[in-house]
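# An overview of the molecular structure
This is what each chain is made of:
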Amino acid sequence: MDLLQFVRGCTFDDFLLTPQLGVVLRRDPASIDLTSRFTTGVTLRRPLVSANMDTITRAEMAIVLAEEGGIGVIDRGFRVGDIAPQVAEVSAVKRTQHGVIADPHTIAPHLRVADAVRLMERTGVGTLVVITPDKRLAGLLTERDVRFVPGDRPIAERMTPRDRLIVHAGPSSFADAERIMVENKIKKLPLENPDGTVLGLVTAKDLIKHREHPFATRDERGRLRTAAAVGATGDYLERAVELQRAGADALVIDIAHGHSTVMERAIEALRIRLGPIDLVAGNVATAEGARFLLERGANAIKVGIGPGGGCTTRVTTNFGVPQVEALVQCRQAVGDRVPLIADGGVKRDGSIAEALLFGGNSVMLGSAFAGTEETPGEIVLKPVLVAESQKLVRVPFKVFRGMASVSAVRDRLDLEDVDPRELEAIGAEGLEVSVPARGSVRTVIHGMLKHLCSAISYGGVSSLGELREQFWSRPEKFLIRLSQASRIESFDR
Ligand code: XMP
């Protein structure tokens, strides 16, 4: 079958997949392997990515995505030159959980309780390692040790001193540290070098988090991973440097038209400035576009011109490629040499399976997460007419907007420099809508993963990787192109 020919001009709702002989005993996400690559360097246990939109991904969303095995991309929807707020979001994700903390916050024993309280507040850390001037372990000081204590008391008087602590000599794996902590019923385990200096710290809080989230996307230091978006002009180089310094695991160079000389220059400049960090580039929707980014060294390619829920690019410019065709074009162009991120157009969970089969290694979601608790933005109560009773009720809503919508563009710009008429024109490629506020994104993700596992079971295999292999070796075994009537039968509910 000529797959590209078969999917020309098509998108998600144009296909069904033929059920195959089922081989899995249980369809639950704990037993079905959904491992996939996000970039050449970052692997996900769950192939879900939250979109870099200012109404979708800030630290709160990125933390949940990483805990659940996906990854969030912190948006760049801050004013030009205003780099610190985005860096703070990245730092917040990187700070929430650790493995062995290699560089715990320290304080000197001769300082006062007030100094410790200040340091705890500034860093958001509840345990300080007390060290002597020659950097040897002197004790531990926790929030409990300083609560209700006059600020002028010396730290040495409040800390638990070295001789009353259980201390591990030399490095330790996270598992060994857990065993020692359980045996000794302790919540903190300092690690010490032979010369008495501090090698690291393990906390019970981190152990619990690791147990609670066994599929989480973590870096080599046990911290949650996050990506962050930059542009290709303006402050992007300084922004990228700061984001890398804050620990961003990948940078997403996100521009509307990634198959462009602007993108080429940005990749080159970022590579020189940042070295080997994973760079995701996009968006593109053609074989030429994908090859262009591959040849310029992108570590993942974001695919999608115009399918997004908050997007009006196709309406206003008439350019774009239906998302299934775009994915197949890009996949055929780059093979397995670089992962693709299928970005946009997922309106129902079934399309996630399609996005992953037609070429995406992961799926980026914006509107599918809109309105959840973890999205940024205030809840507003709006009157809604209930049809049956003809009564007005006040329903909670949150705003979801395209990053090229007038309001999103306005918030990013320094208004004093902008002619309002120009602003209207710039913001011509995005929508702003109110969506009902709903519960945690965790529930939404769990639903998606269950449905993805069911899709794998219907596909007659036991992992996402196998389903992809089977699909690409014999697409005709799976693909049914829908008639108008069968589309209505399938998706109109
Ligand atoms: P979904 O369908 O998941 O898509 O909401 C999310 C993706 O939509 C893109 N996006 C935009 N595209 N104008 C556009 O042309 C916009 O204003 C806009 N805002 C977001 C983006 O790729 C996102 O990941």
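Here we summarise the structure given alongside this text. (Residues numbered from 1 in each chain as written. Predicted model: local features only at pLDDT ≥ 70, side-chain atom pairs only at ≥ 80, totals over all residues. Heavy atoms only, no water.)

## Observations concerning the overall build of the protein
Helix and strand counts for the protein come out as 20 helices and 22 strands. Against the compact-globule benchmark of 23 Å for 493 residues, the protein has a radius of gyration of 25 Å, which places it among compact chains. Reported as C-alpha extents along the three principal axes, the dimensions of the protein are approximately 80 × 60 × 60 Å. Per-residue burial for the protein yields a buried fraction of 52% across its 493 residues. Roughly 22,900 Å² of accessible area belongs to the protein as shown, and the carbon and sulfur atoms make up 53% of that amount. Counting 63 positive and 63 negative side-chain charges, the protein places the averaged centre of each group 4 Å from the other. (Helix = DSSP H or I, 4+ residues; strand = E, 2+ residues; numbered from the N terminus. Rg over C-alpha atoms; globule rule 2.2 N^0.38 Å. Buried < 20%, exposed > 50% of the residue type's maximum accessible area, 1.4 Å probe, protein only. Areas by Shrake-Rupley, 256 points an atom, 1.4 Å probe, with all protein chains shown as cover. Lys, Arg positive; Asp, Glu negative; His and termini not counted. Charge placed at Lys NZ, Arg CZ, Asp CG, Glu CD.)

## Regarding helix α2 (residues 59-67)
Most of α2 is tucked away, with 8 of its 9 residues classed as buried. Among the residues of α2, A59, M61, A62, I63, V64, L65, A66 and E67 are the ones counted as buried. Structurally, α2 contributes buried residues whose contacts are with β4 (48-50), β5 (71-74), α3 (84-96), α8 (204-212) and α17 (441-458). Phi turns positive, to about 100°, at G69, one or two residues after α2. (Contact = heavy atoms within 4.5 Å.)

## As for the nonpolar core
F38, I301 and F369 are the most contacted members of the largest nonpolar core, which totals 112 residues. Broken down by element, the residue count for this core peaks at 8 residues, all from α17. Those residues in contact with I301 that sit more than four places away from it in its chain are A281, V284, A290, L293, L294, V334, V338, P339, L340 and I341. If you look at the next biggest cluster of nonpolar residues, it comprises 13 residues, including V113, A138, V149 and M159. (Core = buried A, V, L, I, M, F, W, Y, C linked by side-chain atoms within 4.5 Å.)

## Digging into helix α10 (residues 261-274)
Given a rise of 1.5 Å per residue, 14 residues ought to cover 20 Å, and the 20 Å separating the end C-alpha atoms of α10 matches this to within 8%. Within the span of α10, buried status applies to M263, A266, I267, L270 and L274. Projected down its long axis, α10 shows its buried positions confined to an angular sector of 100°, all on one face. Away from its buried face, by an angle of more than 90 degrees, α10 presents the exposed residues R265, E268 and I272. Next to the buried residues of α10 lie β13 (227-230), α9 (236-245), β14 (250-254), β15 (278-284) and α11 (287-295). (Expected span 1.5 Å × (residues − 1). Arc of directions from axis to C-beta.)

## Examining the sheet that holds strand β20 (residues 391-401)
Strand order in this open sheet of 3 strands is β19-β20-β21, and the pairing throughout is antiparallel. Every interior strand has two partners, whereas the edge strands, β19 (380-386) and β21 (432-436), have only one. Shown here is a sheet whose adjacent strand axes are inclined to one another by a mean of 50°, direction ignored. Sheet topology note: the β19/β20 ladder contains 7 bridges and is antiparallel. Paired with V380 across the bridge in β20 is F397. (Pairing = 2+ DSSP bridges. Axes fitted to C-alpha atoms, helices over the stretch in contact; angles between N-to-C directions.)

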